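# Chain and residue survey
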Amino acid sequence: MFEALSKWRQRRVLQRVAIPDTLWREAVGLLPFLAIYAADELERLRAKVVLFLDAKAIVGARGHEVTPLQRVIIAIQASMLVLELDLTFYDGFENVIVYPGEFVPDWEWEDEAGVVHRNDAPLAGEAMPGGPVVLSWPDVAAGADWENTGMNLVIHEFAHKIDMCNGEANGCPPLPGGMPLELWKAALTAAHDAFCARVDRGEDTAIDPYAAESPAEFFAVLSEVFFADPALLRQEYPDVYAQFAALYRQDPAARAARLLPE
Ligand SMILES: [Zn+2]
């Protein structure tokens, strides 16, 4: 019954709220990795973006004013992850906060010896458990140019949010029914170990070495690659690619291949 009600509400939102065509086209044009989406996929993405913007407030802070174009650019990238999933993956928080630049979060943590540390390193983005996603606008903008930056901040932080659906971010998000946890863990652990070894050897990797930081960062960074450069992930870590395709219920590398000349 709840499900039906929610579908009814979604239909209402889609009927009431629309993104103007010019704004939509401008945002899509600024995100080159959307070129692999077929027209019907883009239409479904647009509907998801409308629902996302209805569910979340994207607000500027520390002097940053979020323009309508910036809102749509952020919402598109957040919605790519859940294009084939329910938006409930993003339940439990209301806001996306956008800062004018990198920021130093004011949290502290206690280590095993009971020593309290303060974070003083600037961050480009942060996904807080049970709290907002925080983004630095210049870093969001840089992520549009995957070819040159090899990073996508919005996809990264929202991958952390999906990972946090079943507790703290640990590289093991809730898996849809039928996906064996052992296979997920085996694929991700083997790839993470191999990647860390390459980074330790000082190899120049095609994937951001920040992925070696932890299993949680490995999942978030490889999710960026999955959506922004899927052929690269399929080539480097095919087992991880297969697991991600099952988790996100998308095969972006097949999307890209469709566009290649025969
Ligand atoms: Zn991260």
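Residues numbered from 1 in each chain as written. Predicted model: local features only at pLDDT ≥ 70, side-chain atom pairs only at ≥ 80, totals over all residues. Heavy atoms only, no water.

What follows deals with the coordination of the zinc ion. Each donor-metal-donor angle would ideally measure 109.5 degrees in four-coordinate tetrahedral geometry, or 90 or 180 degrees in six-coordinate octahedral geometry. With distances of 2.0 to 2.7 Å, the protein atoms coordinating the zinc ion are His156 (NE2), His160 (NE2), Glu217 (OE) and Glu217 (OE). Given 4 donor atoms and angles of 54 to 144 degrees at the metal, the environment of the zinc ion is assigned as irregular. (Donors = N, O, S within 2.8 Å, 3.2 Å for Na, K, Ca; no water. Tetrahedral: all angles 85-135°; square planar, octahedral: opposite > 155°, others 65-115°.)

Turning our attention to the packing of aromatic side chains. Summed over the entire model, instances satisfying the criterion amount to 18 aromatic pairs. The interplanar angle of 65 degrees and the centroid separation of 5.0 Å between the aromatic rings of Tyr90 and Phe158 together place this pair among those described as edge-to-face. Of the two residues, Tyr90 is situated in the loop between α4 (68–81) and β2 (95–99) and Phe158 in helix α7 (residues 153–163); the sequence distance between them amounts to 68 residues. For Tyr90, a relative accessible area of 0% gives the class buried. A centroid spacing of 5.1 Å and a plane angle of 50 degrees characterise the contact between Phe226 and Tyr241, whose relative ring orientation is tilted. Within this pair, whereas Phe226 is found in helix α9 (residues 215–228), its partner Tyr241 is found in helix α11 (residues 238–248), the two being separated by 15 residues in sequence. (Phe/Tyr/Trp six-rings, centres within 6.5 Å; stacked < 30°, edge-to-face > 60°. Helix = DSSP H or I, 4+ residues; strand = E, 2+ residues; numbered from the N terminus. Buried < 20%, exposed > 50% of the residue type's maximum accessible area, 1.4 Å probe, protein only.)

Bringing the layout of surface pockets into the picture now. With a probe scaled to a water molecule rolled over the atoms, the places where space remains empty come into view. Considered as a void within the structure, the largest pocket measures approximately 860 Å³ in volume. Residue lining of the largest pocket: 29 residues in total, with Leu123, Gly125, His160, Tyr210 and Glu217 positioned closest to the centre. Of the residues in the lining of the largest pocket, the class split is 15 nonpolar, 5 polar and 9 charged. (1 Å grid on protein atoms, 1.4 Å probe; cavity = no way out; pocket = protein on both sides within 12 Å on 5 of 7 lines; lining within 4 Å. Points joined across faces, edges and corners; volume = space filled by probe spheres on them. Nonpolar A, V, L, I, M, F, W, Y, C, P; charged D, E, K, R; others polar.)

What follows covers α9. Relative to the 20 Å expected for 14 residues at 1.5 Å per residue, α9 spans 20 Å between its end C-alpha atoms, a close match to the ideal helical length. For α9, a buried count of 13 out of 14 residues is recorded, marking the element as mostly surrounded by other parts of the structure. (Expected span 1.5 Å × (residues − 1).)

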